Amino acid sequence: MGKPIRVSFEFFPPKTEEMEKNLWEAVGRLAPLSPDFVSVTYGAGGSTRERTHATVRRILQETALTPAAHLTCVAATKSEIDAVIHSYRDAGVRHIVALRGDPTEGVAARYAPHPDGYRNAADLVAGIKRIADIEVSVSAYPEKHPDSATVQADIDMLKAKVDAGATRAMTQFFFENSLYFRYLDRVRAAGIAIPIVPGILPVQNFKQTRNFAARAGASVPAWLAQRFDGLDDDPATRKLIAAAVAAEQVLDLVDHGVTDFHFYTMNRADLVYAVCHLLGLRPEAAAVQAAQPLSQKERV
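Residues numbered from 1 in each chain as written. Predicted model: local features only at pLDDT ≥ 70, side-chain atom pairs only at ≥ 80, totals over all residues. Heavy atoms only, no water.

K.L.:
Mind showing me how you'd approach the sheet that holds strand 5 (residues 135–140) here?
P.N.:
Paired through backbone hydrogen bonds, the strands of a sheet run either parallel or antiparallel to each other. Taken in spatial order, the 8 strands of this closed barrel run 1-2-3-4-5-6-7-8, and their pairing is parallel. Sheet twist, expressed as the average angle between the axes of neighbouring strands with direction ignored, equals 30 degrees. Two strands pair when backbone bridges link them, and strand 5 and strand 6 (residues 168–173) are joined in this way by 4 bridges, in the parallel orientation. Paired with Ser137 across the bridge in strand 6 is Arg168. Along the sheet face, helix 6 (residues 177–189) touches strand 5, strand 6 and strand 7 (196–200) and points at about 160 degrees away from the line of strand 7. (Pairing = 2+ DSSP bridges. Helix = DSSP H or I, 4+ residues; strand = E, 2+ residues; numbered from the N terminus. Axes fitted to C-alpha atoms, helices over the stretch in contact; angles between N-to-C directions. Contact = heavy atoms within 4.5 Å.)

K.L.:
Could you clarify how one ought to interpret the pairing of strand 6 in this entry?
P.N.:
Both faces of the sheet carry side chains from a regular strand, because those side chains alternate between them. Counting buried positions along strand 6 yields 6 of 6 residues, so the element is predominantly enclosed. On the question of chirality, the crossover connecting strand 5 to the parallel strand 6 by way of helix 5 (residues 151–163) is right-handed. With 3 bridges joining them, strand 6 and strand 7 adopt parallel strand pairing. Residue pairing for strand 7: Ala169 is matched across the bridge by Ile196. (Buried < 20%, exposed > 50% of the residue type's maximum accessible area, 1.4 Å probe, protein only. Right-handed = clockwise from strand over helix to strand, strands pointing away.)

K.L.:
I'm lost on the environment of Phe9 in this one. Help?
P.N.:
In this structure, Phe9 sits in strand 1 (residues 6–11). Accessibility expressed as a relative area gives 1% for Phe9, which makes it buried. Apart from residues no more than four positions distant in its own chain, Phe9 is found in contact with Leu30, Leu33, Pro35, Phe37, Val38, Ser39, His262, Phe263, Thr265, Val272 and Cys276.

K.L.:
Whenever I open this one, the pattern of salt bridges confuses me. Can you help?
P.N.:
Pairs can form between side chains of opposite charge once their charged atoms are near each other. Summed over the entire model, instances satisfying the criterion amount to 15 salt bridges. A salt bridge links Arg6 to Asp260, with the nearest nitrogen and oxygen atoms 2.8 Å apart. One end of the pair, Arg6, is in strand 1; the other, Asp260, is in strand 8 (residues 260–264), with 254 residues separating them in the sequence. In this structure, Glu20 engages Arg58 in a salt bridge whose closest nitrogen and oxygen atoms are separated by 3.3 Å. Residue Glu20 is found in helix 1 (residues 17–30), and its partner Arg58 is found in helix 2 (residues 49–62); the two are separated by 38 residues along the sequence. (Salt bridge = Lys/Arg side-chain N within 4 Å of Asp/Glu carboxyl O.)

Next comes the structure, spelled out in structure tokens:
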């Protein structure tokens, strides 16, 4: 019998009441699948710091899930970031996703470390490990980080993050599995042994995904564009195609021995839940009740 499938889900902190409703509906739907952990993102330049913290705290208080809080080193001093690490630790967080982060001006802007801050993600990992005995995950880029000069420089940075104490990497999303396996070969050849978990992005909206990919340095193959061609005004068919594409990708990865997956949910549960079902994950009856966020009435 092979290793069991393990999944993790990524959410982002909501900006509006409607987004808040969508987030907690997604959490409630996906929690019974017993993910390894769920991560909560951190906006450019720490712009969502309070909302990220509030979301993580609510997950800790109201569900049985293990939250992993994202943390970046953009536009903040070491002491400011250290204070966030302390607050996460004191709230009960035992897993942080350490990222360099995007400049406050956006991904197109040139990154410059804060003069009194952490220089990069490897420096941030070391800072977290100095403060607390917390698990640290980091990012990895099968198609190279947009700011990296070369693929080798990118892999050297991943190695620096591992040397600083990172024990898991989740990849940027990709649509061609060959990119992931080629990258994995290079990473292993560089002596990096930590799990490199593929990041999976079910395509909720193709146009948005294409724009997102352009900013993130991820390629969108022609065959993927063709599958969504002509469906701009047909959301029902788009959803069916999206589920088929994501299922095809993850099942091929499973066939090649992959057992861990990190899903970028975009705070939507439907496609992710369907793909997890195909992976053989089923809700635990006891977990269903435990995972439901408390109603507004119960929290008062």
